[in-house]
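Summary of the model geometry
Residue-level listing of the chains:
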Amino acid sequence: LTWDYLWDIGDPLEGSQAWAPGSLDDGAGETVLITVVGAALGDSVTVAFDKNLSGMLLAGYVTTTNQVAARLQNETGGDLNLASGTIYCKVFKRQ
């Protein structure tokens, strides 16, 4: 194997949309669905939000063909309310 082979993951599929997460109590979470044409179960996903997460956890996964879920989870010990912004995702096809 060469490093070129290990890093040849191809161009990602991308999606984004406006998102206004609600107020989240400690231990609560919220999920938003994003359309990403070509996404499939087993693909790898990265997600980002353009506002400060204030210590909350953000994860993404493919839920079904062409659909990615981004999950925001509050485990900070307090209640939080994030500002509205844009959620972005990249999907890397399983090789």
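Located above this text is the structure these notes cover.
Residues numbered from 1 in each chain as written. Predicted model: local features only at pLDDT ≥ 70, side-chain atom pairs only at ≥ 80, totals over all residues. Heavy atoms only, no water.

A closer look at the sheet that holds strand S2 (residues 29–35)
Spatially, S2-S5-S4 is the arrangement adopted by the three strands of the open sheet, whose pairing is antiparallel. The open sheet has two edge strands with one neighbour each: S2 and strand S4 (57–64). Adjacent strand axes in the sheet meet at a mean angle of 25°, parallel and antiparallel pairs treated alike. Direction of pairing for S4 relative to strand S5 (residues 67–73): antiparallel, over a ladder of seven bridges. Across the sheet, Ala59 pairs through a bridge with Arg71, a residue of S5. (Pairing = 2+ DSSP bridges. Helix = DSSP H or I, 4+ residues; strand = E, 2+ residues; numbered from the N terminus. Axes fitted to C-alpha atoms, helices over the stretch in contact; angles between N-to-C directions.)

Let's talk about a negative patch on the surface
A cluster of acidic residues, Asp25, Asp26, Glu75 and Asp79, forms a negative patch on the protein surface. With respect to the helices, strands and loops of the structure, Asp25 is situated in the loop between strand S1 (13–19) and S2. (Patch = residues over 30% accessible without salt bridge, like charges linked within 9 Å, V, L, I, M, F, W, Y side chains within 5 Å. Areas by Shrake-Rupley, 256 points an atom, 1.4 Å probe, with all protein chains shown as cover. Salt bridge = Lys/Arg side-chain N within 4 Å of Asp/Glu carboxyl O. Lys, Arg positive; Asp, Glu negative; His and termini not counted. Charge placed at Lys NZ, Arg CZ, Asp CG, Glu CD.)

Focus on the sheet that holds strand S6 (residues 85–92)
With antiparallel pairing, the three strands of this open sheet are ordered in space as S1-S6-S3. Both edges of this open sheet fall to S1 and strand S3 (44–49), since each of them pairs with a single strand only. Taking the axes of each pair of neighbouring strands and ignoring which way they run, one obtains an average angle of 15° across the sheet. Sheet topology note: the S1/S6 ladder contains seven bridges and is antiparallel. When the sheet's bridge partners are listed, Ser16 is paired in S6 with Tyr88.

Re the side chain of Asn74
As for its position among the elements, Asn74 is in the loop between S5 and S6. Other than its neighbours up to four places away in sequence, Asn74 contacts Leu24, Asp25, Asp26, Gly27, Ala28, Met56, Asp79 and Leu80. (Contact = heavy atoms within 4.5 Å.)

With respect to the nonpolar core
Residues Val36, Val68 and Ile87 are the most contacted members of the largest nonpolar core, which totals 18 residues. Elements supplying a minimum of two residues to this core: S2, S3, S5 and S6. Ignoring sequence-local partners within four residues, the contact set of Ile87 consists of Gly15, Ser16, Gln17, Trp19, Val32, Ile34, Ala48, Phe49, Leu58 and Ala70. (Core = buried A, V, L, I, M, F, W, Y, C linked by side-chain atoms within 4.5 Å. Buried < 20%, exposed > 50% of the residue type's maximum accessible area, 1.4 Å probe, protein only.)

A short note on the packing of aromatic side chains
All chains considered together, the criterion is met by one aromatic pair. For the ring pair Trp19 and Phe49, a centre distance of 5.4 Å and an interplane angle of 75° mean the geometry is edge-to-face. In this pair, Trp19 is assigned in strand S1 and Phe49 in strand S3, connecting sequence segments 30 residues apart. Side by side, Trp19 and Phe49 carry an identical accessibility label, which is buried. (Phe/Tyr/Trp six-rings, centres within 6.5 Å; stacked < 30°, edge-to-face > 60°.)

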